Structures are given as C-alpha cells and as structure tokens.
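Chain by chain, the residues run as shown.
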Amino acid sequence: MFIDTHAHMWWFSFDKDRDQVLAHAEASGVTKIIVPGTDLKTSKLAVELAKKYKGKIFAAVGIHPEESIINKQTDLQDQLTRIKELIDENREYIVAVGEVGTDAYTDELKSVLPLQQDFFRRQIEIAQEYGLPVIVHTRNSLTETLEVIDQMQVEPKGQFHCFSNDEEGLREVLKRGFSVSFAGNITWSKRVRRLVELVPNDKLLLETDSPLMMPRDSRGEPLMDNLRNEPINVTILARLQAELRGQPLKALEIQTSANAIELFRV
Ligand SMILES: [Zn+2]
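The following paragraphs examine the structure supplied in this document. (Residues numbered from 1 in each chain as written. Predicted model: local features only at pLDDT ≥ 70, side-chain atom pairs only at ≥ 80, totals over all residues. Heavy atoms only, no water.)

Comments concerning the coordination of the zinc ion
Bound to the zinc ion on the protein side are H6 (NE2), H8 (NE2), E99 (OE) and D209 (OD), at distances that span 2.1 to 2.5 Å. In this structure, the zinc ion is surrounded by four donor atoms whose angles at the metal cover 88 to 177°, and the resulting shape is irregular. The sequence motif formed by the donor residues of the zinc ion is H-x1-H-x90-E-x109-D. One end of the pair, H8, is in the loop between β1 (2-4) and α1 (18-27); the other, D209, is in the loop between β8 (204-206) and α10 (234-245), and 201 residues separate them in sequence. One exposure class covers both H8 and D209, and it is buried. (Donors = N, O, S within 2.8 Å, 3.2 Å for Na, K, Ca; no water. Tetrahedral: all angles 85-135°; square planar, octahedral: opposite > 155°, others 65-115°. Helix = DSSP H or I, 4+ residues; strand = E, 2+ residues; numbered from the N terminus. Buried < 20%, exposed > 50% of the residue type's maximum accessible area, 1.4 Å probe, protein only.)

Here is the structure:
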C-alpha cells in the first residue's frame, strides 16, 4: 500500500474522471490519499471528497500562503473563522491543517510576508487546538517559515511537503521533528534529488502534489501526455526514491505508509 500524502483531488482538471483516476491509483496500490485545501472553498471540497470516498480520501484544511496576495486581510480572517467551523463539524474527516506556510517566490509575495507569517502562526494554533499535524508549504522562505515555528509555545508537528530547499535547510526541518516529502521535483532537480537519501527512514513520506509537479523522464519530458499529475505516479516517485536511498521498494513502501499512518492517523 502506498499513501499519497498530498494530492489536490478537488482540482477542476479531475472533474470529468475523478472516479477513474482514483480507481486507477487504487489498482496500483495507492489506496489512501490526503487531499489538502488551499482556501475555504477548496477545503470544503476536500472534506466533501473525504465523505464521498470515506477511508480512501482524507482531508486537510487550510489557507495557502499565496492566498495572501489574492484576498484582503479581512477576507482571510473570515475564511479562517469558517475553516475552524469546518473542522468542528467534520473533525472525523480531517487529518491535518494544510497546506499552510509562507512563500517568497515573487516580489508581491515577499511584500506580504508578515501577513503570511501571521496566518501561518494562527493556523498552527488551530492545528494544535484540534490535535492535528500541519502540512507546510515553503518556497524561497524557509527562514521565515522556521521563524514562526520556533516562536510557537508548543512545538508543532507535521510535514514539509514538496521540499526544495538545500541540505542545511533539510537538517533544520528534521531537527524540529518534521517529516519531509518530495514530489516530481526529484525527477528534474539534481539538487533536490541529492536530499532524498538524507531523510531518516522514519521521517520520509510520499506525495505527488497532483495535478501539479508532474514527474519528467530523463529527457525532461513530462511522463504523461495530458500534463496532469495523478496519485498513481506516487509509485514512480517511490521507485526513484528507493533507488536513491539504496533500499528495496517494498521496504520504502511499508516504511512511508507506516510514517503517514503514524502522523496523520489515516
Ligand atoms: Zn499542494
């Protein structure tokens, strides 16, 4: 059994054939999928999917840092209040708060970093209030992300997803007890690929970040024609990570699933 700990199955590109995509994944052993929201609307959709595909899909709810340049602060606050209500009403379908964090990829995002940090902190507090782990997004902003984590009264637990920082950054994340996962970026970034073997067995999780982060072949071409990544591709990423770590695929499959079950209680 493989667990894809990060796939945005509410994405419109799955609207026509979501059943098939899930059946396809399940037939290849990808039997559990965590679906993170990125705002109130998609968090609700994630919960709906968790209800519809009970025991196969599990929801994470939260506001993505990029939302801080799309919404006014008052709207973000309102969404956060309603996300709490969503957890209250659907606690049994929700396994994490995510994806949340900070992002400094563009100048516009950089200009609202204090706002991002504030909402990241508040969402960690919500996670802790409900005894949930956090799914952390960070891009060009590891310092700002760790700053928030280090200021919490109680150390948060969770996952750094689609990790793309460097070796030193990885050490900092592991030092704080977080688990780490990589997505299709290990198929095209040599720098990120080198990090795979540095994650201890009990801290590695699998993910695809579907429909984004499509794995690529050795020529750099996307592996699927339709340019849409799917949870079934977690098997390809697992095989590559087993190779990079010098482990049998089966051992990695068992270990990463046990890790996901332990962290998310799925
Ligand atoms: Zn994501």
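Thoughts on the layout of surface pockets
By volume, the largest pocket amounts to about 620 Å³. Along the walls of the largest pocket sit 29 residues, with E66, H137, R139, D209 and M213 positioned nearest its centre. Among the elements of the structure, β5 (134-139), α8 (185-188) and α9 (190-193) are those that each provide at least two residues to the lining of the largest pocket. No other element matches the three residues that β5 contributes to the lining of the largest pocket. Within the lining of the largest pocket, the residues separate by chemical class into ten nonpolar, 13 polar and six charged. Size it by volume and the second largest pocket reaches roughly 160 Å³. K157, G158, G177, S179, D202, K203, N259, E262 and L263 are the residues that line the second largest pocket. Of all the elements, helix α11 (residues 249-264) adds the most residues to the lining of the second largest pocket, at three residues. Residues of the lining of the second largest pocket, tallied by class, amount to one nonpolar, four polar and four charged. (1 Å grid on protein atoms, 1.4 Å probe; cavity = no way out; pocket = protein on both sides within 12 Å on 5 of 7 lines; lining within 4 Å. Points joined across faces, edges and corners; volume = space filled by probe spheres on them. Nonpolar A, V, L, I, M, F, W, Y, C, P; charged D, E, K, R; others polar.)

What to know about the nonpolar core
In terms of nonpolar packing, the biggest core is built from 68 residues, with M9, I57, I87, F160 and F182 touching the most fellow members. The greatest single-element share of this core, amounting to six residues, is contributed by helix α5 (residues 113-129). With residues up to four places along the chain from it excluded, the contact list for I57 reads M9, L22, I33, V35, L49 and A50. Among the nonpolar cores identified, the runner-up in size contains twelve residues, and I34, F58, A60 and V266 belong to it. (Core = buried A, V, L, I, M, F, W, Y, C linked by side-chain atoms within 4.5 Å. Contact = heavy atoms within 4.5 Å.)

Overview of the sheet that holds strand β7 (residues 179-182)
Taken together, the eight strands give an open sheet; going across it, the order is β1-β2-β3-β4-β5-β6-β7-β8, and neighbouring strands pair in parallel fashion. The open sheet terminates on both sides in strands that have one partner only, identified here as β1 and β8. For this sheet, the mean inter-axis angle between neighbouring strands, taken without regard to orientation, is 30°. Of the pairings in the sheet, the one linking strand β4 (residues 94-103) to β5 comprises five bridges and is parallel in character. From the neighbouring strand, V100 faces β5, where its bridge partner is V136. Sheet contacts for α11: β1, β2 (30-36), β4, β5, β6 (158-160), β7 and β8; angle to β8, the most-contacted strand, approximately 95°. (Pairing = 2+ DSSP bridges. Axes fitted to C-alpha atoms, helices over the stretch in contact; angles between N-to-C directions.)

A few points about the packing of aromatic side chains
Working definition: an aromatic ring pair is given by the centre-to-centre distance plus the angle between the planes. Counting across every chain of the model gives four aromatic pairs. Measuring from ring centre to ring centre gives 5.3 Å for W10 and W11, while their planes differ by 15°; the resulting arrangement is stacked. Measuring from centroid to centroid gives 5.1 Å for F160 and F178, while their planes differ by 85°, and the two rings are edge-to-face. Here F178 lies in the loop between α7 (167-175) and β7 and F160 lies in strand β6, a separation of 18 residues in the sequence. Of the two residues, F160 and F178, neither departs from the other in class, the shared state being buried. Among the aromatic residues, those joined into a ring-pair cluster are F160, F163, F178 and F182. Lying over the aromatic face of Y105, R139 brings its terminal NZ or CZ to 3.9 Å of the ring centre. (Phe/Tyr/Trp six-rings, centres within 6.5 Å; stacked < 30°, edge-to-face > 60°. Lys NZ or Arg CZ within 6 Å of the ring centre and 35° of its normal.)

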